[in-house]
Amino acid sequence: MNRIPQHIAIIMDGNGRWAMERGKERTYGHQAGVEAVRRITAECTRLGVKYLTLYTFSTENWNRPADEVAALMGLVLTSLEDEIFMKNNVRFRVVGDLERLPEVVRQKLHETEMHTANNDAMTMVIALSYSSKLELVRAMQQIARDVKADRLAIDAIDETTIDSHLWTNFMPDPDLLIRTGGEVRISNYLLWQIAYSELYFCDTYWPDFDEAELHKAIRSFQSRQRRYGKTEAQVEAADGKAADGLNDK
């Protein structure tokens, strides 16, 4: 329990295939996926995770059939309910190109953000109409405007500058990225932010992803040594010093 990732990001994949294997419409899988969101949100809160970021809808998903897009937008409206947030003391945030969303959806997102602003057990972030490449382009454009307006010197631009101009500037980078559904790719998700995240891929479709599957992912994370460019010996020495410091206290 002392090595729980503080920030878990999830690519919730497999809803459509889950439904089709059961002879149902793809939208049926998205509805089942909402139940998985409820389960995982509650369990992450219980475990002490501080940020849970869910890839809900990419900018590329606008190319899907119109009826599926409409159903997904409807699910956003119906799933943003008090129970999932207030019961678990969870704050809600959203990142993405929100201007492309229907006005009624934008209004609901804003209301939910305001209503849950004082919750502090965990922050659940949904990436909606999200593209990491677009996020980086927007950040570069804003930085260029700051330089042009003499608000920022070129030589002062560093990683922190870029971090501060991203949609995700209010939270730390993910410790663990999970992708369900059997695909092994990142799909334009948090490309800058996951530079040193641990990656976990599983075949389980998102509607079937439950507490036990989450625990498997976390145990995999805990089995890994995060070196950030250092050697194994250096990390072990640093961990030993930290442990000695705790014992001294």
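Here, the structure is the one placed above.
A quick note: this is a predicted structure, and the numbers were derived from the prediction, not measured.

Notes on the overall build of the protein
Check the secondary structure of the protein and you find nine helices and six strands. For the protein, the C-alpha radius of gyration of 19 Å lies close to 18 Å, the compact-globule estimate for 249 residues. Each of the three principal axes of the protein carries a C-alpha extent, and together these read 55 × 50 × 35 Å. Across the 249 residues in the protein, those meeting the buried criterion constitute 46%. In the protein, of all internal contacts separated by at least 6 residues, the share reaching a separation of at least 24 is 76%. If you average the places of the 31 positive and of the 38 negative side-chain charges in the protein, the two averages end up 1 Å apart.

Here's the deal with the packing of helix α3 (residues 66-79) against helix α5 (residues 103-115)
The geometry of α3 relative to α5 is characterised by a closest axis approach of 10 Å and an angle of 30 degrees between their N-to-C directions. One finds that α3 runs roughly parallel with respect to α5. For the crossing formed where α3 meets α5, the hand is left-handed. On α5, the residues that touch M73, V76 and L77 of α3 are V104, V105, K108 and L109. For the contact of α3 with α5, a count of residues per class yields six nonpolar, no polar and one charged.

Examining the nonpolar core
One finds I8, L109 and M124 to be the most contacted residues of the largest nonpolar core, which totals 41 residues. Considering every element that reaches this core, the biggest residue donor is helix α2 (residues 26-47), with five residues. Those residues in contact with M124 that sit more than four places away from it in its chain are V37, T41, L52, L54, I84, F85, V90, R91, F92 and R93. Core analysis: the second largest hydrophobic core is formed by 14 residues, A9, V95, V125 and Y189 among them.

Here we look at the pairing of strand β1 (residues 7-11)
Judged by how many residues are buried, β1 sits mostly within the fold: five of five residues are covered. Pairing of β1 with strand β2 (residues 51-58), which is carried by five bridges, proceeds in the parallel orientation. Paired with I8 across the bridge in β2 is L52. When β1 meets strand β5 (residues 176-179), the two strands line up parallel, connected through four bridges. Bridging across to β5, I10 finds its partner in I178.

Considerations on the state of the cysteines
Following the criterion strictly, the structure yields zero disulfides and no others. C44 forms no disulfide, and the closest cysteine sulfur to it belongs to C202, at a distance of 13 Å. With a relative accessible area of 0%, C44 lands in the buried category.

Side note on the environment of F221
Note that F221 resides in helix α8 (residues 211-222). Given a relative accessible area of 5%, F221 falls into the buried group. Along the sequence, F221 and S197 sit 24 residues apart, while their C-alpha atoms lie 9.6 Å from each other. If we skip the residues at most four places from it in the chain, F221 touches R3, P5, D175, L176, E198 and R226.

Some details on the environment of D210
Among the structural elements, D210 can be located in the loop between β6 (198-201) and α8. With 175 residues separating them along the chain, D210 and E35 place their C-alpha atoms 9.6 Å apart. Apart from residues no more than four positions distant in its own chain, D210 is found in contact with R39 and I40. In terms of polar contacts, D210 uses its side chain to reach the backbone amide nitrogen of A212, at 3.2 Å. Looking at D210, its side chain comes within polar contact range of the main-chain nitrogen of E213, at 3.0 Å.

Details of the packing of aromatic side chains
Scanning the model with the defined rule gives eight aromatic pairs in all. Centre to centre, the rings of F57 and W62 are 4.9 Å apart; their planes meet at 80 degrees, and the pair counts as edge-to-face. What links up through ring pairs into an aromatic cluster is the set Y55, Y130, W167 and Y189. Sitting over the face of the ring of Y28, K24 holds its NZ or CZ atom 5.2 Å from the ring centroid. Directly above the ring of F170 sits R93, whose terminal nitrogen or CZ lies 3.9 Å from the centroid.

Considering the sheet that holds β6
Think of a sheet as strands paired side by side through backbone hydrogen bonds, with each pair either parallel or antiparallel. If you trace the six strands from one edge of the open sheet to the other, you get β3-β4-β2-β1-β5-β6, paired in parallel fashion. Either end of the sheet is taken by a strand with one partner, and the two such strands are β3 (90-95) and β6. Going across the sheet, the axis of each strand differs from the next one's by a mean of 20 degrees, ignoring polarity. Most of the contacts of α8 go to β5, to which it runs at about 140 degrees, and overall it touches β1, β5 and β6.

The rules behind the values
Residues numbered from 1 in each chain as written. Predicted model: local features only at pLDDT ≥ 70, side-chain atom pairs only at ≥ 80, totals over all residues. Heavy atoms only, no water. Helix = DSSP H or I, 4+ residues; strand = E, 2+ residues; numbered from the N terminus. Rg over C-alpha atoms; globule rule 2.2 N^0.38 Å. Buried < 20%, exposed > 50% of the residue type's maximum accessible area, 1.4 Å probe, protein only. Contact = heavy atoms within 4.5 Å. Lys, Arg positive; Asp, Glu negative; His and termini not counted. Charge placed at Lys NZ, Arg CZ, Asp CG, Glu CD. Axes fitted to C-alpha atoms, helices over the stretch in contact; angles between N-to-C directions. Parallel < 35°, antiparallel > 145°, perpendicular 65-115°, else oblique. Left-handed = near helix turned anticlockwise from the far one by under 90°. Nonpolar A, V, L, I, M, F, W, Y, C, P; charged D, E, K, R; others polar. Core = buried A, V, L, I, M, F, W, Y, C linked by side-chain atoms within 4.5 Å. Pairing = 2+ DSSP bridges. Disulfide = S-S within 2.5 Å. Polar contact = N/O pair within 3.5 Å; in protein donor to acceptor, adjacent residues only side chain to side chain. Phe/Tyr/Trp six-rings, centres within 6.5 Å; stacked < 30°, edge-to-face > 60°. Lys NZ or Arg CZ within 6 Å of the ring centre and 35° of its normal.

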